Amino acid sequence: MRSWLEINLKNIEFNLNQIENLTQKKAIPVIKANAYGLGSIEVAKYLSKKNFKLFAVANFQEAIEIKNSGLENKILIMGNNDKDDLELAINNGFSITISSWDDIKNLEMLNTSKEALIHIKIDTGMGRIGFIPDESDKAIKHINDNKLGTIQGIYSHLSSADENEDEFTLQQINLFKKYEGMKDIPFIHILNSPGIFKYSKYTNTNFVRPGISMYGILLFNTPLKKLLKPVFKLKTKIIYIKTLNINTFISYGKTAEGQKGDMIATLPIGYADGLDRRFSNGGKVKIFDKECKIIGRICMDMTMIIIPNSLRNKIDVGTEVEIYGKDINKQAESIGSIADELMTRINKRVSRKYI
Ligand SMILES: *Cc1c(COP(=O)(O)O)cnc(C)c1O
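Residues numbered from 1 in each chain as written. Predicted model: local features only at pLDDT ≥ 70, side-chain atom pairs only at ≥ 80, totals over all residues. Heavy atoms only, no water.

**Student:** Could you give me a rundown of the overall build of the protein, with the residues and numbers involved?
**Tutor:** Looking only at helices and strands, the protein features eleven helices and 19 strands. The dimensions of the protein, computed from C-alpha atoms along their principal axes, are 80 × 40 × 35 Å. Here the protein, with 355 residues, has 52% of them falling under the buried criterion. Of the contacts made within the protein by residues no fewer than 6 positions apart, 65% connect residues no fewer than 24 positions apart. (Helix = DSSP H or I, 4+ residues; strand = E, 2+ residues; numbered from the N terminus. Buried < 20%, exposed > 50% of the residue type's maximum accessible area, 1.4 Å probe, protein only. Contact = heavy atoms within 4.5 Å.)

**Student:** Quick one: what's the story with the packing of aromatic side chains, residue by residue and with numbers?
**Tutor:** For any pair of aromatic rings, the description consists of the separation of the ring centres together with the inter-plane angle of the planes. All chains considered together, the criterion is met by eight aromatic pairs. A ring pair is formed by Phe187 and Phe207, whose centres lie 4.6 Å apart and whose planes are at 45°; its orientation type is tilted. Of the two residues, Phe187 sits in strand S8 (residues 187-189) while Phe207 sits in strand S9 (residues 207-208), which places them 20 residues apart along the sequence. Residues Phe187 and Phe207 agree in their burial class; the two are buried. A cation over an aromatic ring shows up here: Lys67 above the ring of Phe94, its NZ or CZ 5.9 Å from the ring centre. Taking NZ or CZ as reference, Lys198 lies 5.0 Å from the ring centre of Phe220, over its face. (Phe/Tyr/Trp six-rings, centres within 6.5 Å; stacked < 30°, edge-to-face > 60°. Lys NZ or Arg CZ within 6 Å of the ring centre and 35° of its normal.)

**Student:** Before we move on, can you summarise the packing of helix H5 (residues 83-91) against helix H6 (residues 101-109) with the specific residues and values?
**Tutor:** H6 packs onto H5 with a crossing angle of 60° between their chain directions and a minimal axis gap of 10 Å. Taken together, H5 and H6 sit at an angle that is classed as oblique. Of the two elements, H5 crosses H6, and the hand of that crossing is right-handed. Counted together, Lys83, Leu86 and Ile90 of H5 and Asp103, Asn106, Leu107 and Met109 of H6 form the full contact between these two elements. Class assignment for the residues of the contact of H5 with H6 results in four nonpolar, one polar and two charged. (Axes fitted to C-alpha atoms, helices over the stretch in contact; angles between N-to-C directions. Parallel < 35°, antiparallel > 145°, perpendicular 65-115°, else oblique. Left-handed = near helix turned anticlockwise from the far one by under 90°. Nonpolar A, V, L, I, M, F, W, Y, C, P; charged D, E, K, R; others polar.)

**Student:** Just give me the short version of the nonpolar core, but keep the residues and values in it.
**Tutor:** Judged by nonpolar contacts, the single largest core of 104 residues is most densely connected at Ile12, Ile31 and Ile120. Two domains each provide a minimum of three residues to this core, namely domain 1 (9-215) and domain 2 (232-354). When near neighbours in sequence (up to four residues on either side) are disregarded, Ile31 contacts Ser40, Val43, Ala44, Phe55, Ala56, Val57, Ile66, Met214 and Tyr215. Residues Leu244, Ile250, Ile264 and Cys299 belong to the second largest nonpolar core, which totals seven residues. (Core = buried A, V, L, I, M, F, W, Y, C linked by side-chain atoms within 4.5 Å. Domains from an automatic or database assignment.)

**Student:** Residue-level account of the pairing of strand S1 (residues 3-7), with values.
**Tutor:** Taking burial as the measure, the five residues of S1 include five buried ones, the bulk of the element. Neither face of S1 is open: one carries Ser3, Leu5 and Ile7, the other Trp4 and Glu6, and all of them are buried. Across five bridges, S1 lies against strand S10 (residues 232-237) in antiparallel orientation. Along S10, the bridge assignment pairs Trp4 with Lys235. (Pairing = 2+ DSSP bridges.)

**Student:** I'd like to hear about the pattern of salt bridges, residue by residue, with values.
**Tutor:** Within the structure shown, the criterion is met by 16 salt bridges. Between Arg278 and Glu341 there is a salt bridge, with the nearest N and O atoms lying 3.9 Å from each other. You can see Arg278 sitting in the loop between strand S14 (263-267) and strand S15 (284-287) and its partner Glu341 sitting in helix H11 (residues 339-344), a full 63 residues away along the chain. Under the relative-accessibility criterion, Arg278 is labelled partly exposed at 45%. (Salt bridge = Lys/Arg side-chain N within 4 Å of Asp/Glu carboxyl O.)

**Student:** So what's going on with the side chain of Ser200? Which residues, and what values?
**Tutor:** For Ser200, the position within the fold is in the loop between helix H9 (193-198) and S9. Residues within four places of Ser200 in sequence aside, it is in contact with Thr23, Lys25, Leu191 and Gly195.

**Student:** For helix H1 (residues 9-23), give the residues involved together with the corresponding values.
**Tutor:** The terminal C-alpha atoms of H1 lie 22 Å apart, and with 15 residues this matches the ideal 21 Å at 1.5 Å per residue to within 8%. When we look at burial in H1, the residues that qualify are Leu9, Asn11, Ile12, Glu13, Asn15, Leu16, Gln18, Ile19, Glu20 and Thr23. On its buried face, H1 is in contact with S1, strand S2 (26-27), helix H3 (40-48), H9, S9 and strand S19 (351-354). Two or three places before Lys10, at the start of H1, stands the capping residue Asn8, its side-chain oxygen 3.1 Å from that residue's backbone nitrogen. (Expected span 1.5 Å × (residues − 1). Polar contact = N/O pair within 3.5 Å; in protein donor to acceptor, adjacent residues only side chain to side chain.)

**Student:** Report on the pairing of strand S7 (residues 150-156), specifying residues and quantitative values.
**Tutor:** By the criterion of burial, S7 is predominantly enclosed, with six of the seven residues buried. Bridge count for strand S6 (residues 117-122) against S7 is six bridges, and the pairing is parallel. Bridge pairing in S7 links Lys121 to Tyr155. Handedness of the β-α-β unit built from S6, helix H7 (residues 133-145) and S7 comes out right-handed. Bridge analysis of S7 against S8 gives three bridges, and the strand direction is parallel. Counterpart to Gly153 in the pairing with S8 is Phe187. (Right-handed = clockwise from strand over helix to strand, strands pointing away.)

**Student:** Give a detailed account of a positive patch on the surface, specifying residues and quantitative values.
**Tutor:** Together, Lys284, Lys293, Lys326 and Lys330 make up a region of like positive charge exposed at the surface. Position of Lys330 among the secondary structure elements: in helix H10 (residues 328-334). Overall, the relative accessible area of 55% leaves Lys330 in the exposed class. (Patch = residues over 30% accessible without salt bridge, like charges linked within 9 Å, V, L, I, M, F, W, Y side chains within 5 Å. Areas by Shrake-Rupley, 256 points an atom, 1.4 Å probe, with all protein chains shown as cover. Lys, Arg positive; Asp, Glu negative; His and termini not counted. Charge placed at Lys NZ, Arg CZ, Asp CG, Glu CD.)

Shown next as structure tokens:
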């Protein structure tokens, strides 16, 4: 195997249980974007045997892929659907998000074989999709009066819960308060991962939507981080080693020169696998938990690293290299990104190994 992602499914379940215990709310596991790169079908398959009432994805395509793999999971599509996708989503039994009067108009024009299962999306400050709170009562009444479906859920999304934005986030949560007591609506939810770990006690919602945290990661520091177990590692193996007997350029564009005596190893992973090219010249990977620097530009399929002196006698062709692991936040930050982006970009050429 060239490069692979090791994924511990049990730890995903463990993290979800920790989240439910911490918040005393039920989880809607977010498995959009191929479960943040880790494989939505395998993650859904594993979790479908556990006690989760609903899973969340971004769009119809993601939902149908999971359903077509033979899973009977209940799935909420969190994004906006155009009219065609809306019809397909309803006929496939997915829960849909209704976030605008345009959505409602589409709903009215459809002639579906099943009753629409609706989650109303409220914009409390994210500014993305959703009814502003003042509009929502009218929308809900319109849906009910015209029997456009069953309102199964009502939800909102926090924009800045992992920043130092207590005041703004609490304002979002307070704008959502009026929905918390709505009777006959089974799913009321606002908290994403940072919300779960910082603001759970400020809401009386009954569900939470953890994404990144179920995969073992939080983008901000909190002592509660220790509640989570790591879930994945991106690994590869050394395929080539040379000790330079002259000074010589390494990789495209002559951006780095290896010095006589340097030991350089080549790894079978590149930007086409999802290793961000901005890690060229300076990004770090780990061998036996020791950092090694990337030298030269990352290529499409290969990357070179300098082997530190202390590792010279310990490595060989075939030695495992950790590309992303528990330092993924730090790595992402060093190139102005976030762990979510690095994870979701791990290409399908990288095999997924489930343990
Ligand atoms: C992605 C997403 C989530 C999960 O967010 P995390 O911060 O990864 O937990 C929850 N809700 C919505 C609407 C999302 O788009």
